[in-house]
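A closer look at the structure
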Amino acid sequence: MPVFSSSKKKSDEYCCKIYTMDAELQFTIEATAKGHTLFSLVCQTIGLREHWYFGLKFLDKVTNEWTWLQVNRTITSQPIQIQSNSISSKRPESPSATDNFKPHLLRSPPTSPSTSTLSLPSSSTSGAHPCVNVLELYFVVKFYPEEITNELIQDITRHLFYLQVKQDILNMDIYCPPDAAAHLASLALQAKFGDYDQLSSSSEPLNLESEALLPLSCFQKVELTRADWFSRIVALWRTHTSLTREDSEMAYLKHAQDLDMFGLSFFEISKMQGANKSNPSSQQQSDQSSIAAELWLGIDSLGIRFYKKNKLRPEVFFSWSDIKSVAAHDKKVILNMSGEKSATFAFYAAKSSVSKEILDLATGNHELYMKRRREQTIEIQQMRYFEGQQQKEKHRIITRERQLRLQAEKERDEIERKFNDYQRQMKEIHDTLLKYQEAAKLLARKAHISSEEARLQAEKAFEIETQLERCKYEINRNEEEKRLYARQISECEQIISTLVNDSVKSRKEAEELKIEVAKWRVAEAAAREKLLSITQLNQSIAVKNAATQAQQNLVQTSSPRTLSPPPYRPPLRNQELNQIDERAFLIEKQSKQAQLVLQLEDLKNVIQAKKIEERQTFLDKAYEENLAVGDNKYSTMQKASSGTASKRMAMLHDL
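Residues numbered from 1 in each chain as written. Predicted model: local features only at pLDDT ≥ 70, side-chain atom pairs only at ≥ 80, totals over all residues. Heavy atoms only, no water.

- Per an unreviewed UniProt entry, the chain goes by FERM domain-containing protein and derives from Rotaria magnacalcarata.
- What UniProt states about the chain under its Subcellular location (unreviewed entry) heading is, verbatim, "Cell membrane". (UniProt positions renumbered as here; feature names shortened; annotations may be inferred.)

1. Things to note about the packing of helix H3 (residues 155-170) against helix H8 (residues 245-257)
- Packing of H3 against H8 leaves a shortest axis separation of 9 Å and a crossing angle of 50°. Between H3 and H8, the crossing angle belongs to the class labelled oblique. By crossing handedness, the relation of H3 to H8 is classed as left-handed. Residue-level inspection shows Asp155, Arg158, His159, Phe161, Tyr162, Val165, Lys166 and Ile169 of H3 in contact with H8, the latter providing Arg245, Glu246, Glu249, Met250, Tyr252, Leu253 and Ala256. (Axes fitted to C-alpha atoms, helices over the stretch in contact; angles between N-to-C directions. Helix = DSSP H or I, 4+ residues; strand = E, 2+ residues; numbered from the N terminus. Parallel < 35°, antiparallel > 145°, perpendicular 65-115°, else oblique. Left-handed = near helix turned anticlockwise from the far one by under 90°. Contact = heavy atoms within 4.5 Å.)

2. Structural notes on the pattern of salt bridges
- For the structure on display, the rule yields 31 salt bridges.
- For Glu146, the salt bridge identified is with Arg372, shortest N-O distance 3.1 Å. Placement of the pair is Glu146 in the loop between strand S7 (133-141) and helix H2 (148-151) and Arg372 in helix H10 (residues 352-372), with a sequence separation of 226 residues.
- Residue classification places Glu146 among the partly exposed positions, given a relative accessible area of 21%.
- A relative accessible area of 24% means that Arg372 is categorised as partly exposed.
- One salt bridge in this structure joins Arg158 and Asp155, with 2.4 Å as the shortest N-O distance. Placement of the pair is Arg158 and Asp155 together in helix H3, with a separation of three residues, close to one helical turn.
- Residue class for Asp155 comes out buried when judged on its relative accessible area of 18%.
- By sharing partners, the salt bridges in this structure join Glu414, Arg417, Asp421, Arg424 and Glu428 into a single network. (Salt bridge = Lys/Arg side-chain N within 4 Å of Asp/Glu carboxyl O. Buried < 20%, exposed > 50% of the residue type's maximum accessible area, 1.4 Å probe, protein only.)

3. A short note on the packing of aromatic side chains
- Scanning the model with the defined rule gives 19 aromatic pairs in all.
- On the basis of an interplanar angle of 15° and a centroid distance of 5.2 Å, the ring pair of Phe54 and Phe139 is categorised as stacked. Placement of Phe54 in strand S3 (residues 54-59) and of Phe139 in strand S7 is noted, with a sequence separation of 85 residues between them. Both residues of the pair, Phe54 and Phe139, count as buried.
- Ring geometry for Tyr162 and Tyr252: centres 5.0 Å apart, planes at 85°, overall edge-to-face. (Phe/Tyr/Trp six-rings, centres within 6.5 Å; stacked < 30°, edge-to-face > 60°.)

4. A look at the sheet that holds strand S12 (residues 323-329)
- The seven strands are arranged S11-S10-S9-S8-S14-S13-S12 in an open sheet whose pairing can be described as antiparallel. Edge positions in the open sheet fall to strand S11 (316-319) and S12, since each of these has one partner strand only. Sheet twist, expressed as the mean angle between neighbouring strand axes with direction ignored, is 30°.
- Looking at chain direction, strand S10 (residues 303-307) and S11 are connected through four bridges and run antiparallel. Looking across to S11, one finds that Gly303 is bridged to Ser319.
- Across the face of the sheet, H10 comes into contact with strand S8 (265-271), strand S9 (294-299), S11, S12, strand S13 (332-337) and strand S14 (344-349) while running at roughly 160° to S12. (Pairing = 2+ DSSP bridges.)

5. A look at unusual backbone geometry
- Here the phi dihedral of Met172 falls at roughly 65°; this positive angle occurs in a residue that is not glycine.
- Its place among the elements puts Met172 in the loop between H3 and helix H4 (178-193).
- Accessibility expressed as a relative area gives 35% for Met172, which makes it partly exposed.
- Positive phi values are uncommon outside glycine, yet Ser242 reaches one of about 80°.
- Residue position: Ser242 is located in the loop between helix H7 (226-237) and H8.
- For Ser242, a relative accessible area of 31% translates into the label partly exposed.

6. Thoughts on helix H14 (residues 618-628)
- Those residues of H14 that sit buried are Asp620, Ala622, Tyr623 and Asn626. In a view along the axis of H14, the buried residues occupy a sector of 165°, so they form one face of it. Of the residues in H14, the exposed ones pointing more than 90 degrees away from the buried face are Phe618, Glu625 and Ala628.
- Contacts from the buried residues of H14 go to helix H6 (216-221).
- Immediately beyond the C-terminal end of H14, within one or two residues, lies Gly630, with a positive phi of roughly 80°. (Arc of directions from axis to C-beta.)

7. As for the UniProt feature "coiled-coil region" (unreviewed entry) in the chain
- Using the residue numbers shown here, the UniProt feature "coiled-coil region" (unreviewed entry) corresponds to residues 398-432.
- The distance from the first to the last C-alpha atom of residues 398-432 is 50 Å, and the span holds 100% helix and 0% strand.

8. Quick look at the nonpolar core
- Counting 114 residues, the largest nonpolar core has Ile18, Phe139 and Phe306 as the members making the most contacts within it.
- Not counting chain neighbours up to four residues away, the residues in contact with Phe306 comprise Ile269, Trp296, Leu297, Pro314, Glu315, Val316, Phe318, Leu335, Phe345, Phe347 and Leu652. (Core = buried A, V, L, I, M, F, W, Y, C linked by side-chain atoms within 4.5 Å.)

9. What about the confidence of the model for the chain?
- Mean pLDDT over the chain works out to 79, with 78% of the residues at or above the 70 mark.
- Between residues 96-129, whose pLDDT stays under 50, and residues either more than four places distant or in other chains, the model counts 83 contacts.
- When the criterion is pLDDT under 50, residues 557-566 qualifies, and its contacts beyond four places in sequence or with other chains add up to ten contacts. (pLDDT = per-residue confidence, 0-100.)

10. What to know about the side chain of Gln78
- Inspection of the secondary structure assignment puts Gln78 in the loop between strand S4 (66-68) and strand S5 (82-84).
- If we skip the residues at most four places from it in the chain, Gln78 touches Phe58, Trp68, Leu69, Gln70 and Arg73.

11. Side note on the packing of H4 against H7
- Where H4 meets H7, the axes come as close as 8 Å, and the angle between the chain directions of the two elements is 60°. Relative to H7, H4 is oriented oblique. For the element pair H4 and H7, the recorded crossing hand is right-handed. Between H4 and H7, the contacting residues are Pro178, Ala182, His183, Ala185, Ser186, Leu189, Gln190 and Phe193 on the first element and Trp229, Ile233, Leu236 and Trp237 on the second.
- Residues of the contact of H4 with H7, tallied by class, amount to nine nonpolar, three polar and no charged. (Nonpolar A, V, L, I, M, F, W, Y, C, P; charged D, E, K, R; others polar.)

12. Quick word on the pairing of S12
- Pairing of S12 with S13, which is carried by six bridges, proceeds in the antiparallel orientation. When the bridges of S13 are listed, His329 appears paired with Lys332.
- Following S12, the chain reverses through two residues before pairing antiparallel with S13; Asp330 in that reversal takes a positive phi of roughly 55°.

13. Some thoughts on H3
- The terminal C-alpha atoms of H3, which comprises 16 residues, lie 22 Å apart, in line with the 22 Å expected from a rise of 1.5 Å per residue.
- Burial of H3 is extensive: 14 of the 16 residues sit out of reach of the surface.
- Backbone geometry just after H3 places Met172 at a positive phi near 65°. (Expected span 1.5 Å × (residues − 1).)

Here you go:
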């Protein structure tokens, strides 16, 4: 890091804005600072030690193309655009590692300046002179490893690779079939949000419309609505349960590594024919007129590939062990093969800047290729050791968290089961209570009816009692009449006796009177007996009716319909939680993997049925052809690298 002096003028200081894939960094540097100084500042700030995979890119003010920053030169000596501080607040579009940045409407930009900003001013400008000149650069992936799962050591390295590869797929710089794009989108959602079930149970609704999930080509070439795509992606997302962010990003990179264009930097070239070294003028004319066939050059961590038909099937492949050197002069690039002095191949790039970039990428990839085949340095060994220790600790923490989560899920399930049992019991009690209420209403109605009947019976009893009183009154009155009759008879007898004594003449009348009295007595006795029999009969009938009615009322009121109370249910006992069974976890993982395979197969069939044939590009047709013959990225590369280097060189000359 350079030493800043407070005596420097404000014009000698520059504010560098560095945009990574998920952050924005600001540094203040001097005009004499070199590229490696700024690059080291960025790596130290973000904690990146595997710096050899990355580089800084800027927009060339002369050619208006994205250019790699040369780390061994001063920054200001390179054709980087210098903006004033007032107009630099608007962030330009970010470049990809292999092509110009292509913004699309169906995805968000790669980074947001408001997500993370870090400003590191120098000591010379601390609160004194704010810098006016602003330089904007982008920190992106420049070189890819051969095996991304084993070579990348740090989490920050894997995270930056994940963001870069994801952006290249969304930009369609890397060809990705629709089914693979949906699978990668589900892994991206798992990396960003975590488990779907936990997110769906939260109060905040999930809005996938604002997420960058699929390339634009998926919506253009397949007749599926956005809702159909999102439902398919969510179904795949649910199979990634329990994957951490790091595991999801690594799984994303593993699947993306199998894509044919992964890690490749493509350049359109023209093959040179009819070279004549003895005549420079004829050589120049031949160079300018040599457009025999258009080829694509692909550079990656394994070597150099040449494409003719499409960018999915290389025609010829040379590994870095087959290449002795690469030279570039103006637009011309020359490959020198190892082992044979005459084995060379020359081709033209579109511009001299492109040939320089080809040379830069070839040199860097070749150095990394040879570095991987040498013994690891102490730094790499230390990084791997500490990373291994961190991974073990993370694995232990994750295992413990998984155990706690499963235990919590068991407790939650037990609580839910008890809650459901309580709800069921409460429902049964509620139903029983309703039955009791209905029975109580029925009994109340019966009690009302019984009370009405009792009232009627009381009225009838009162009437009977009145009749009894009347009968008693009649009986008493008959007794009075009897006594009166007896007194009258005695008086009559006295009169008769007197009359008999007085006059013999009236004897006949007396005898007749006696006969009448005798008849009267007989009639009186008959009437009295009849009255007694009627009175006794009425009393017995009334008493019998009252007893019968009272017995019926007693029977009806003493035997109401009762409901049996609900059976007693003892509270469930708390079950003891068992320890985590790893075998059960693996079985669950295998079932999810099988479910994922079935869903991907179903998605492939749906895409095959819904694809729009007239919108299929040349790469789509080439991918279908490779799929039909059973070829993939590795088999096509193996075919392109078959044979000796001289034989492949002859094939390359014949293209």
